[in-house]
Amino acid sequence: MQRRSFIKKSSYTGLALSLVPGLTLSQETEYSVAELMGKVDIELFGKDINLRKEAHDAFVEMKRAAYSEGMDLKIVSSYRNFYRQEGIWERKYLQYTEEKGMTKLGAIEKIIEYSTIPGTSRHHWGTDIDIIDGYPKTTGDVLVPEKFEEGGPFALLKKWMDDNANKYGFYLVYTDNPKRKGFKYEPWHYSYAPISIPMLKTFRRKNIFKLLLEEDIIGKENFTSGFLKSYIQNNILDINPDLL
Ligand SMILES: [Zn+2]
């Protein structure tokens, strides 16, 4: 258990007990809004891994197993803070609106095929990773679905992950279920469920509408309540049901 959460949990326990004797206490760790939105520095582990301790340890174990079967499980992206996500958002927004002449709403709809609104990325949590196999030679962008399909350089890795990832606590987030809405199929994005499930639970209890509108995000005037409602429903919550 992390020291910080231990302290938080114990003080909460003390307070609750003094107010409500005999209350059954939830064992759930409380995560702060700032932490869920990638706005505070969290302790990250592992060179080129950058995950929370428990997720890091599970990843290392999984990497070792994959290695023994001829794959080099390599992280392309893991923890990303609010400001990094804001940079990605802004770059894409300007590219689509100014260079490509798209409407503001059109640009936003295009961005959210693969990228999140800053403050809502699972990469803020220190539990999620984008991975490839470091062995096969490949050119161009690596995070494209075709590369993970039959005949592609990462097909072997995808097959191995399908069979083994769950044993280590990692689950695919944006599956290829045709009924799923929100972000497109991402065969590279896995989440460490034992931590990300409680984090998502906490996130859902917060007023995300209000939080996003308080941020200085380019294009946010297009975040109507209808837009945000469907964003949360589709992009945040329409994921692999094992992660809910
Ligand atoms: Zn990702």
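Residues numbered from 1 in each chain as written. Predicted model: local features only at pLDDT ≥ 70, side-chain atom pairs only at ≥ 80, totals over all residues. Heavy atoms only, no water.

As recorded by an unreviewed UniProt entry, the protein chain carries the name D-alanyl-D-alanine carboxypeptidase-like protein and is attributed to Arenibacter echinorum.

Asker: Would you explain the environment of Ile111 in this entry?
Answerer: Tracing the chain through its elements places Ile111 in helix 5 (residues 104-111). Residue Ile111 is classed as buried on the basis of its relative accessible area of 1%. Along the primary structure Ile111 and Tyr93 are separated by 18 residues, whereas in three dimensions their C-alpha atoms are 7.3 Å apart. If we ignore the near neighbours within four places in the chain, the residues touching Ile111 are Trp89, Lys92, Tyr93 and Tyr96. (Helix = DSSP H or I, 4+ residues; strand = E, 2+ residues; numbered from the N terminus. Buried < 20%, exposed > 50% of the residue type's maximum accessible area, 1.4 Å probe, protein only. Contact = heavy atoms within 4.5 Å.)

Asker: I tried to follow the sheet that holds strand 1 (residues 73-77) on my own but got confused; where do I start?
Answerer: The 4 strands lie next to each other as 1-2-4-3, forming an open sheet whose pairing is antiparallel. Bordering the open sheet on either side are strand 1 and strand 3 (170-172), each of which pairs with just one other strand. Between one strand axis and the next, the sheet turns by 45 degrees as a mean value, whatever way the strands run. Pairing between strand 1 and strand 2 (residues 128-133): 4 bridges, direction antiparallel. In the sheet register, Lys74 faces strand 2, and the bridge partner there is Ile132. In the packing of helix 3 (residues 53-68) onto the sheet, contacts are made with strand 1, strand 2, strand 3 and strand 4 (189-192), and the angle to strand 1 comes to roughly 135 degrees. Its contacts with the sheet put helix 7 (residues 193-205) on strand 2, strand 3 and strand 4, and the angle it makes with strand 4 is roughly 85 degrees. (Pairing = 2+ DSSP bridges. Axes fitted to C-alpha atoms, helices over the stretch in contact; angles between N-to-C directions.)

Asker: Looking at this structure, how should I read the layout of surface pockets?
Answerer: A volume near 590 Å³ is recorded for the largest pocket. In terms of lining residues, the largest pocket is bounded by 25 residues, among which Arg80, Lys92, Ser115, Asp130 and Leu143 are the most central. Looking at the lining of the largest pocket, the elements with two or more residues in it are strand 1 and helix 4 (82-99). Broken down by element, the lining of the largest pocket gets its largest block of residues, 5 residues, from helix 4. (1 Å grid on protein atoms, 1.4 Å probe; cavity = no way out; pocket = protein on both sides within 12 Å on 5 of 7 lines; lining within 4 Å. Points joined across faces, edges and corners; volume = space filled by probe spheres on them.)

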